[in-house]
Structure formats: structure tokens, C-alpha cells
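Breakdown of the fold
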Amino acid sequence: SQQGEEDPQALSIQEGENATMNCSYKTSINNLQWYRQNSGRGLVHLILIRSNEREKHSGRLRVTLDTSKKSSSLLITASRAADTASYFCATDADGSARQLTFGSGTQLTVLP
Amino acid sequence: DVKVTQSSRYLVKRTGEKVFLECVQDMDHENMFWYRQDPGLGLRLIYFSYDVKMKEKGDIPEGYSVSREKKERFSLILESASTNQTSMYLCASSRRTGKETQYFGPGTRLLVL
């Protein structure tokens, strides 16, 4: 089942602009993670935010979490062509011992 | 540097063939996972293993089996490949809780003719 759903499905921006992607989920979570996937490759972990955190930064990445709305956003500032990739959120639903559930992803294209 | 490797990047098989996909991790992780990824469907969990010789079904185990004889190696087996198993297969590993960061291999793109 799809716990996390990203929005939009696809996003195209110019280099230097900010990119915002959203993730909604359905059940209570302990943490939420964002991953990146370059075309034809495996996923790479970007950032993890715990349910008791509201915001987290890592370089040009900013993640927010609103547990009351069951949603998270990933902001990439000053985007570069190299940021072109698919971005996935992953959640660990309460009661799930070991699993993460991934959304279907947002395809980000950064035009030079 | 952490590393998860998969035996093949690309694989072409015929319907009915038995297919083995191998995954090896060098991080001494307890948990290992097999996903398949299809356009518009995201990642779907096929099987996972939380210890040697232990396995649990994920969301879509039908048509697949797995083997974990050693901690570092997790194999996905397609007993009789079918065209609807054409997909990208991703292996991942994580530490004991499984809810922490998962480390992914580069993926195997399987085409079943």
C-alpha cells in the first residue's frame, strides 16, 4: 500500500529557482525520510526527520513535517541541473516493525 | 563508504526461466530488502530479511522467493519468470530497526521476453 504520496508527480524549473515537493501520508509515523534517485540508479538517502521535529536542514535541502496534517515538504534551494532526479518520501507506519513505505515520487527537472 | 552491490545491471531472460538476482552488502546490516520499481507505482516491497535464514513477505511476494544463507548476501529468485515480472529490481539494507536509513544498490533492470 502507498503510505506516502508525493505531489506534484513532475516538476520542471529553471536553474537557480527553488523546488518544493510535498508528501502526504495516512497513518502515524515515527520518522519520515526523503530519498533521491538519478535515472536508472538506486535510491540515495537525503534526510530523515523524526515525528517530534518540525524542520530540518541539510545544505540546500530544507524539510518540514506537519504531523497534524500528515504531510511533509522538501525544499531544494538554488537548484542546479545536477538536482534533476526523482525524489521519494518514505515513512515508517506505526506497527510496522522494520519496513519503510515509499511513495511514487516526484520527477524534478532542472533546466540549465 | 557503505556499499550495496547487485550482481547484474541489466538482465534479459525468457519466459519460464529461473532467474537469480544477487545482492551483497558490506555494512554488516541485519536487514535486507528486495523491491521492484515500476513507472507510476513507486517502490513495492517483495520480501525482506531481518537475519540469516529469516524472511518475511512484503506487499507483492507472489512469483518470488528469497534466500539468505549469509548475513551479507540476499538473493531474489524468480522460479519461473513471466513477462509481468519485467521491472527494475532494487536491493537495500539497513541496521536492525529497519526504520532507519536504507542503503540501496544500483538496481537490476530485468526484461523477460
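Refer to the structure presented above.
What this report covers is the structure whose coordinates are included nearby.

Moving on, we come to the overall build of chain B. Within chain B, the secondary structure is distributed over zero helices and 11 strands. Taking 2.2 N^0.38 as the reference for a compact globule, 113 residues should give roughly 13 Å; the C-alpha atoms of chain B span a radius of gyration of 13 Å, in line with that estimate. With the C-alpha coordinates aligned to their principal axes, the bounding extent of chain B is approximately 35 × 25 × 25 Å. For chain B, with 113 residues in total, the buried portion stands at 54%. Relative to all contacts within chain B whose residues are 6 or more apart in sequence, the contacts with residues 24 or more apart total 56%. Accessible surface computed for chain B: about 5,400 Å², of which carbon and sulfur atoms make up 50%. Taking the 18 positively charged and 15 negatively charged side chains of chain B as two groups, their mean positions are separated by 3 Å.

On to the sheet that holds strand 1 (residues 4-6) of chain B. Residues and elements named next belong to chain B. If you walk across this open sheet you meet the four strands as 1-3-8-7, and the pairing is antiparallel. Only two strands of the sheet have a single neighbouring strand rather than two, namely strand 1 and strand 7 (64-70). Recorded for the sheet is a direction-independent mean angle of 20° between the axes of neighbouring strands. The pairing of strand 3 (residues 19-25) with strand 8 (residues 73-78) spans six bridges and is antiparallel. Each bridged residue has a counterpart across the sheet, and for glutamate 22 the counterpart in strand 8 is serine 75.

Now for the state of the cysteines. Tallied over the full model, the rule gives two disulfides over all chains. Disulfide pairing is shown between Cys23(A) and Cys89(A); the S-S distance is 2.0 Å. One quick way to see it: the torsion about the S-S bond of Cys23(A) and Cys89(A) is about 65°, and its sign makes the bridge right-handed. Taken together, the positions of Cys23(A) in strand 3 (residues 19-24) and Cys89(A) in strand 9 (residues 85-93) put the pair 66 residues apart, joining distant regions of the chain. Here the two residues Cys23(A) and Cys89(A) agree in accessibility, since each one is buried. One disulfide bridge connects Cys23(B) with Cys91(B), the sulfur atoms lying 1.8 Å from each other.

Residue and element names in this part refer to chain A. The alternating pattern of strand 11 (residues 106-111) places Thr106, Leu108 and Val110 on a buried face, while none of Gln107, Thr109 and Leu111, on the opposite face, is buried. Judged from the five bridges that link them, strand 2 (residues 10-14) and strand 11 form a sheet pairing that is parallel. Within the sheet, the bridge partner assigned to alanine 10 lies in strand 11 and is glutamine 107.

The subject of this paragraph is the pattern of salt bridges. Residues and elements named next belong to chain B. This structure, assessed with the given rule, holds 10 salt bridges over all chains. A salt bridge links glutamate 30 to lysine 71, with the nearest nitrogen and oxygen atoms 3.9 Å apart. Here lysine 71 lies in the loop between strand 7 and strand 8 and glutamate 30 lies in the loop between strand 3 and strand 4 (31-38), a separation of 41 residues in the sequence. Among the residues examined, glutamate 30 registers a relative accessible area of 17% and is labelled buried. Of the residues examined, lysine 71 reaches a relative accessible area of 27% and is grouped as partly exposed. A salt bridge links lysine 53 to glutamate 69; the nearest nitrogen and oxygen atoms lie 2.4 Å apart. Of the two residues, lysine 53 is situated in the loop between strand 5 (42-49) and strand 6 (56-57) and glutamate 69 in strand 7; the sequence distance between them amounts to 16 residues. Judged by its relative accessible area of 56%, lysine 53 falls in the exposed class.

Reading the values: rules and limits
- Residues numbered from 1 in each chain as written.
- Chains lettered and ligands numbered in written order.
- Predicted model: local features only at pLDDT ≥ 70, side-chain atom pairs only at ≥ 80, totals over all residues.
- Heavy atoms only, no water.
- Helix = DSSP H or I, 4+ residues; strand = E, 2+ residues; numbered from the N terminus.
- Rg over C-alpha atoms; globule rule 2.2 N^0.38 Å.
- Buried < 20%, exposed > 50% of the residue type's maximum accessible area, 1.4 Å probe, protein only.
- Contact = heavy atoms within 4.5 Å.
- Areas by Shrake-Rupley, 256 points an atom, 1.4 Å probe, with all protein chains shown as cover.
- Lys, Arg positive; Asp, Glu negative; His and termini not counted.
- Charge placed at Lys NZ, Arg CZ, Asp CG, Glu CD.
- Pairing = 2+ DSSP bridges.
- Axes fitted to C-alpha atoms, helices over the stretch in contact; angles between N-to-C directions.
- Disulfide = S-S within 2.5 Å.
- Salt bridge = Lys/Arg side-chain N within 4 Å of Asp/Glu carboxyl O.

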